[in-house]
Amino acid sequence: MKATVIKTTLAALIWGASSFVIASPYFGAKADRIEVSVDGENLSYGGVRVISGYQVNRNFAVEAHLGTGISDAKIAGQSSELGTYYGVDLVGKLPITESLYAKANLGYGAVEIDGVSDNDARIGVGAGIVTGKHVF
């Protein structure tokens, strides 16, 4: 089974150091909608994950994450379960306001669905909310 994963971040809560402070580590948690295409069938799962990142400059970061599924997908009346997923991403960030930013990521990750693991390239788009002090 070859699965292609496209992730859309629904919400981002960043705790600790701000994601816009130059050369700074940060940590957080995210809620995800995971879209998976398996043999032409599109499945949608819900998940949550923790992230750890390093903000290289105002617009670029590197992130690693580890997540788990919280809602199953339905396929032909049967439930399909999302297990753990993890990956590493290069992240581009664009400030919209003082506390809100748009982001896009490109990376590599692995996902477990119904006990079967697969890995592939990842792409994603989303938005984030910054808490704490930050520099634009």
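Right, let's walk through the structure included here. (Residues numbered from 1 in each chain as written. Predicted model: local features only at pLDDT ≥ 70, side-chain atom pairs only at ≥ 80, totals over all residues. Heavy atoms only, no water.)

1. Here's the deal with the environment of Tyr 101
The following threshold applies: Here a strand is any run of E in DSSP of at least two residues, a helix any run of H or I of at least four, and the numbering for each starts at the N terminus.
With respect to the secondary-structure elements, Tyr 101 resides in strand β8 (residues 100–113). When the C-alpha positions of Tyr 101 and Ile 129 are compared, they lie 6.6 Å apart, and in sequence the two are 28 residues distant.

2. Points about the side chain of Asn 105
Spelled out, the test is: Burial classes: relative accessible area under 20% of the type maximum marks a residue as buried, over 50% as exposed, and values in between as partly exposed (1.4 Å probe, protein chains only). Two N or O atoms count as a polar contact when they lie within 3.5 Å, although within protein this holds only if one can serve as hydrogen donor and the other as acceptor, and sequence-adjacent residues are included solely when both atoms are side-chain atoms.
Position of Asn 105 among the secondary structure elements: in strand β8. Judged by its relative accessible area of 6%, Asn 105 falls in the buried class. Here the side chain of Asn 105 touches Asp 89 through a polar contact of 3.0 Å, side chain to side chain.

3. Here's the deal with unusual backbone geometry
Its identity is not glycine, yet Asp 114 carries a phi of approximately 50°, on the positive side. By the secondary structure assignment, Asp 114 is in the loop between β8 and β9 (116–129).

4. A few points about the pattern of salt bridges
The following threshold applies: By salt bridge we mean one thing: a side-chain nitrogen of Lys or Arg within 4 Å of a carboxyl oxygen of Asp or Glu.
Under the defined criterion, the tally for this structure stands at five salt bridges. Of the charged contacts, one joins Glu 63 and Lys 30 as a salt bridge, the two residues approaching to 3.6 Å between their closest N and O atoms. Separated by 33 residues along the polypeptide, Glu 63 in strand β4 (residues 60–71) and Lys 30 in strand β2 (residues 24–38) bring together distant segments of the chain. Exposure remark for Lys 30: the relative accessible area of 3% places this residue in the buried category. In this structure, Arg 122 engages Asp 89 in a salt bridge whose closest nitrogen and oxygen atoms are separated by 2.6 Å. In this pair, Arg 122 sits in strand β9 while Asp 89 sits in strand β7 (residues 82–95), placing the two residues 33 residues apart along the sequence. Taking relative accessible area as the criterion, Asp 89 reaches 2% and is therefore assigned buried.

5. Quick notes on a nonpolar patch on the surface
Test applied: Residues qualify for a patch when their relative accessible area is over 30% and they have no salt bridge, like charges being joined within 9 Å and the nonpolar side chains of Val, Leu, Ile, Met, Phe, Trp and Tyr within 5 Å. Accessible surface is estimated by sampling points in the Shrake-Rupley manner with a 1.4 Å probe; for residues, cover comes only from the protein chains shown.
Taken together, Tyr 54, Val 56, Phe 60, Val 62, Val 88 and Leu 90 make up a surface patch of nonpolar side chains, about 480 Å² in accessible area. For Phe 60, the position within the fold is in strand β4.

6. Quick word on the environment of Glu 41
Spelled out, the test is: By the convention used here, residues are in contact when the closest approach between their heavy atoms is within 4.5 Å.
Topologically, Glu 41 is positioned in strand β3 (residues 41–57). The spatial distance from the C-alpha of Glu 41 to the C-alpha of Ile 75 is 8.2 Å, given a sequence separation of 34 residues. Once residues lying within four places of it in the same chain are set aside, the contact partners of Glu 41 are Val 36 and Ile 75.

7. Thoughts on the side chain of Arg 122
For Arg 122, a relative accessible area of 7% translates into the label buried. Reaching out from Arg 122, the side chain makes a polar contact with the side chain of Asp 89 at a distance of 2.6 Å.

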